[in-house]
Structure formats: structure tokens, C-alpha cells
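Fold and geometry: a report
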Amino acid sequence: MNCTRRIPLRYYSTASLSTYHFNQRIGYLKNGAGATKVDDALQLFDEMLQRKPSPSIIKFTQLISVIVKEKQYSTALMLLKQMKLVGIPANIYTINISINCHCRLDQVAYGFALLATILKQGHQPDSATYNTLINGLVLADRVFEAVGLFKKLLREKVCVPNQVMYGTVINGLFKVGHTSKALELLRFMESVSCKCKPDVEHYNAVIDSLCKDRMVDRALELFAMMTQKGVIASVITYNSLIHGLCNFGRETEAAQMLRDMEEEGISPGVDTFTILVDSFCKKGSVKDAELAVQAMAWRGLHPNVITYSALIDGYCLRGEIDEAEKVIDRMMERDIVPNIITYSRLIDGYCKKKRIHKAWLLFQEIQDKGLIPDVITYNSMLQGLFESGNPAAARELFNKMQAKGLAPDICTYRILLHGMCKNSQCSDALALFRSLESKELMEDVGLYNILIDGCSKCGNRNMAMDLFDELCLKGLKPDVRTYTVMISVYCQEGLFVKGKKLLRKMEENGCLPNRVTYNVLVRELLKKNECEEAEIYLEEMINRGFMPDHATFENLLPRIPNVGKDSRLRTIILKLTS
């Protein structure tokens, strides 16, 4: 029997409905699906409300729980209010449902008011009551209040926290980045003094957070301790660890982890293999990614749209657009519909290969198919248009993007400012920057770097210096790129003393110069025939493990004296080439 079909309610008369019939129909609603599920539940509620005597409150609670699972929280509260109006008394279960609904609707204060009602009516709040309130505080981003309530329950022995409550607090701590505190709570659960022992879900939450915080070795240690305690890992545990290892470029260990999980009798899923496929593709190892896809097929698993999108991205990163197109064909053969992420990656691949016409056609085609480009799609197209020498088309596309109500992100503005500066539109780029209303954007060092570099290359070095001063006055911290560009600007203006002072100042501020910084400084000194100064910084650069680049060598070679003449510069070059 199809459990999703609507029950023909007209065949039942209110008078003859039995408890069995109510149970049967509530059971259908619990297990069923479909657009009419909530309507059917509401119709059944009306019939139950009209029946004399009324069904037990348990039946009402079960039915309203169906509404809550459908996330119809306001509707559930309305039904509870109707029950009260007809004289059906509330109990701890119905009040807990009310608390949950208010918390889900971001009305935590109402939840706590209902807690007071429970106490006034002489009911005893149970662990579910406090679980719901703690979860409500976490959902409302009031994590520290949730932790405070949890500690109070422990300290005053109001109730014995169960696994759900511990899990809620642990997840809340992760939400605010307190991984170490969550780990401490897990350790407390493991201790002898705690009656509630952690299960695999608690370990999974901590392991996943450690991996996301780039502490994969600690996650592996916790995994080893978990298994020693007899807690059986799940596919989620292994997925988190495999993902963490892949993020560190430790694909060999990740592949071994996959073999280990199979030896333990845990079957890897599509998500497991997709993690590996994505990691191999990001490294440029598309052959390994294709082998992982084959391994999926051997196990009877079918790659999904995320797997294929990762493959397309891998081929595009290698510049193998034709192979990426073949992946689209494979998807179509298997009736897997590409999504906006799939097409965005292919559009980006076309743009990077300077096939802007094809990118534009695909951009138009996906909209004809009903797909809506997201900010990533637009960013790829904008960058492609700028790099192909079409700044006017790029700016027109940006205007259309805004007209459609799509908010640009920081990457969009970086692409715009860089593209405009590169196409000698520095004044327009600066005007756009000044028009930004977001404080976050106005204080982005990356945007300042683009403008400072752009103004410098457009010949407006005074504006570049003004922007640098403005950045510092705002209390923003210049990065290595900011300092490198400004050293170049000072040297081009003949302000070598300021350039050299800035090199020392950046180190004092905890920003170490890199290979580019030294090459810029040495090259500018050589261009101005400041050879002795250039020799000093060239030697310092080499002693720090940095090598001159091709442009610096081109400036060095003509300045080396003929054989037979003493030259510190020749000695340095001989050291490099020996």
C-alpha cells in the first residue's frame, strides 16, 4: 500500500471513529509524505476536537508532533491554543511542544515564560523541557547563556542531563568557535563522575570540529581513544577524518582510512568517495579522482552531481576543458542534471582558457534552462570579461547583477577594482570604492592593495601614497603585498630612504618580507644605478633563502664589470650559479 496517499476521510463518521482508527490515521500521517500532509493533519485535528468524549491528550500530542516535524510551528501553536479553549488541559508534553515551537520561531523569551507556567501549575519540568530551552538559546546565538543554564542544572542538580543535552551544548560551543571547551565537556562525560557517557554522535561532533579547526592530528588521537573505549565509529566519523586529512594534502592517509573503515565493516558512501574525488581534483590529480569514481562503481555506488562537479573543476583547473565537457555528457547519460555549481565551474574554466564567447553562451543558456546564476557564476564571468579586454561589458554585467537583487561579495569588488585598474580606469575604481557603504568592505586591506597597486601602475603614485596613509590612519594592518607595492612606489619616486625604512618597519610590525619584496627593492635600486645598495639587499635576500627572479637577473647582468675587475656583484652571482 502506498503510505503517502491521502486517507479518504469522508468514509469515517465522527461518531463511529474508534481509537484504532485514530491510531491508524495518525500513523499514516507520521510515515507519509506529500503536499496534503499538513491539511490532512488539520482535518483530523478538527474531527478529534469535535468528538465526544475527546480522544486522549496523547493522541492530540502525537498529531501536533506531526505538524511540528513539518516545521509548521505557528500552526502547531494555534492548535494548542484551540485545545486550551475547548477545555483540554495542558500537560508537560504539550507545554514542551509549545516551548519548542516558540524557540524555533526565535521567541526564546516565550519559552522561558512557559517554564514559569509549568512551575506555577505544579508540574515538574523534565530533561526535555531544559533540552528544548538550551537548544533555543543556541539557535538564537545565545550560546554562553545556554552554557550557563546547563552549568546551573548540573550545579543545583535540577535534573540529570542526558545525551541530547550534552550534544546540544557541545554543538553550541562549536558554533562560537570554542572547540577546546567542547573537548573539555567530552572529557567530563568520559570521567567516572559523569553518569551520561558519550556516544558516537558526541565524538563525531568533536572530531568534525577539530578537523575544521585544522587540528586533524588531535582528531585522529581522539578517534583512537574512542575506539579503545569500545565506541564504534560510523561513516560520519570516517568522512570527517578523511575530509580533514585531504584538507592537509594527506590523501594517502585518507585512502588508507577508507580501507580501514571497510575492514571494520563500515561501508563508505557516495559522500566518502566524493571527498576524495574533490581533494584529488584540487591537487590536479584527476587520474586519481577518476580511479576513485571507478572504485565507487565497483561497490555499486553512483556518483552524484557533487562528485561530477568536482571532476569538472579538476579538469578545468588543468585547462582540459574538452574533458570537462565530456563529464557533462556522462552526467546526461546517467540522467543526472547539472546544477548551478556544475555550470559555474565550467564557465570559470572557459574564462580561464580565454574562451569568453563560449562562457557567455553557456551563461545565457543556463538561464534559459531556468537556473539562476549565483554570485560565484557572476564573479567568474566578470573576471573573464575584464581579462579579455571587455571592461564595459563587465561593468554592464555588474549592473545587471545588482538589478536582479544579487548582492556582490568581497570577491566581486576585488575583481571589479582590479579589472578597472588594469584597464586604466583607476579613477572609476576609486569612485566605486568610495561609494561602498559596508564598513567591512571599506576596511578590507585586499581592496586597498588593489587600488594602491592600480594607482601606482596608472602613474598616480601620489594617490597610491595617500591611500596607504589612509589605510594606516584607519588602524588597518598592511600585509606583505601592501608593503611590497609601497616600497616599489617610494623607490619609483626616488624616495629610497623611505622605501628602505618601510622594509625595516614591516619586520618590526611582524610582517616578514618575501621573495617578491626583495626582488622589487633590488630591481628598483638597480634601475636607478644604486648598485652598492642593491648589492646589500641582494645578499640579504640570498641569505634568507630567496632567489632573484628573471626580471632581477636581467637588471643585474649588464651591471657586472668585465673579467679582471673586482666586483662584489660578480662574487654574489658566482655563488648563485656555482
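Residues numbered from 1 in each chain as written. Predicted model: local features only at pLDDT ≥ 70, side-chain atom pairs only at ≥ 80, totals over all residues. Heavy atoms only, no water.

**A look at the pattern of salt bridges**
Counted according to the given criterion, the structure contains 30 salt bridges. As a salt-bridge pair, Arg250 and Asp217 come within 3.1 Å of each other at their nearest N and O atoms. Here Asp217 lies in helix H12 (residues 216-228) and Arg250 lies in the loop between helix H13 (235-247) and helix H14 (251-263), a separation of 33 residues in the sequence. Between Glu470 and Arg434 there is a salt bridge, with the nearest N and O atoms lying 2.8 Å from each other. Note that Glu470 is positioned in helix H27 (residues 461-473) and Arg434 in helix H24 (residues 426-435), a separation of 36 residues in sequence. Residue Arg434 is classed as partly exposed on the basis of its relative accessible area of 40%. Ionic contacts of the salt-bridge type, sharing partners, join the residues Arg504, Glu507, Glu540 and Arg544 into one network. (Salt bridge = Lys/Arg side-chain N within 4 Å of Asp/Glu carboxyl O. Helix = DSSP H or I, 4+ residues; strand = E, 2+ residues; numbered from the N terminus. Buried < 20%, exposed > 50% of the residue type's maximum accessible area, 1.4 Å probe, protein only.)

**Digging into the layout of surface pockets**
Of the voids in this model, the largest pocket is the one considered here, and its volume is about 480 Å³. Around the largest pocket sit 18 residues that line it, and Leu80, Lys84, Ala90, Ser98 and Leu114 are the ones nearest its centre. Where the lining of the largest pocket is concerned, the elements lending two or more residues are helix H4 (73-85), helix H5 (92-104) and helix H6 (108-120). The leading source of residues in the lining of the largest pocket is H4, at five residues. Partitioned by chemical class, the residues of the lining of the largest pocket number 11 nonpolar, five polar and two charged. (1 Å grid on protein atoms, 1.4 Å probe; cavity = no way out; pocket = protein on both sides within 12 Å on 5 of 7 lines; lining within 4 Å. Points joined across faces, edges and corners; volume = space filled by probe spheres on them. Nonpolar A, V, L, I, M, F, W, Y, C, P; charged D, E, K, R; others polar.)

**Here's the deal with helix H2 (residues 37-50)**
Counted at 1.5 Å a residue, the expected span for H2 with its 14 residues is 20 Å, and the 20 Å between its end C-alpha atoms agrees. Among the residues of H2, those classed as buried are Lys37, Val38, Asp40, Ala41, Leu44, Phe45, Glu47, Met48 and Leu49. (Expected span 1.5 Å × (residues − 1).)

**Re the state of the cysteines**
One pass over the structure, following the stated rule, counts one disulfide. Just so you know, Cys211 is unpaired, no disulfide at all, and the nearest cysteine sulfur is the one on Cys246, 11 Å from it. We note that Cys491 lacks a disulfide partner, and the nearest cysteine sulfur, in Cys531, lies 14 Å from it. (Disulfide = S-S within 2.5 Å.)

**Quick word on the nonpolar core**
In terms of nonpolar packing, the biggest core is built from 153 residues, with Ile242, Leu311, Leu346 and Met381 touching the most fellow members. Once residues within four sequence positions are removed from consideration, Leu346 is found in contact with Ile312, Cys316, Ile321, Ala324, Ile328 and Leu362. Counting residues in hydrophobic clusters, the runner-up holds 23 residues, among them Val38, Ile67, Val68 and Ile97. (Core = buried A, V, L, I, M, F, W, Y, C linked by side-chain atoms within 4.5 Å. Contact = heavy atoms within 4.5 Å.)

**A few points about a positive patch on the surface**
On the surface, a cluster of positive charge is contributed by Lys151, Lys152, Arg155 and Lys181. Examining the composition of the positive patch, we find that three residues originate from one element, helix H8 (residues 143-155), more than from any other. With respect to the secondary-structure elements, Arg155 resides in helix H8. (Patch = residues over 30% accessible without salt bridge, like charges linked within 9 Å, V, L, I, M, F, W, Y side chains within 5 Å. Areas by Shrake-Rupley, 256 points an atom, 1.4 Å probe, with all protein chains shown as cover. Lys, Arg positive; Asp, Glu negative; His and termini not counted. Charge placed at Lys NZ, Arg CZ, Asp CG, Glu CD.)

**What about the packing of helix H30 (residues 515-527) against helix H31 (residues 531-543)?**
Closest axis-to-axis distance for the H30/H31 pair is 8 Å, and the angle between their directions is 160°. The orientation of H30 with respect to H31, classified from their angle, is roughly antiparallel. As for the relative orientation of H30 and H31, their crossing is left-handed in sense. Of the residues in H31, those in contact with Tyr518, Asn519, Leu521, Val522, Leu525 and Leu526 of H30 are Cys531, Glu533, Ala534, Tyr537, Leu538, Glu540 and Met541. (Axes fitted to C-alpha atoms, helices over the stretch in contact; angles between N-to-C directions. Parallel < 35°, antiparallel > 145°, perpendicular 65-115°, else oblique. Left-handed = near helix turned anticlockwise from the far one by under 90°.)

**Some thoughts on the packing of aromatic side chains**
Each aromatic ring pair is characterised by the separation of its centres together with the angle its planes make. According to the stated counting rule, one finds nine aromatic pairs in the structure shown. An angle of 75° between the planes, with centres 5.2 Å apart, marks the rings of Phe150 and Tyr166 as edge-to-face. On the criterion of sequence distance, the pair formed by Phe150 in helix H8 and Tyr166 in helix H9 (residues 163-175) is long-range, its members being 16 residues apart. When sorted by exposure, Phe150 lands in the same class as Tyr166, which is buried. (Phe/Tyr/Trp six-rings, centres within 6.5 Å; stacked < 30°, edge-to-face > 60°.)

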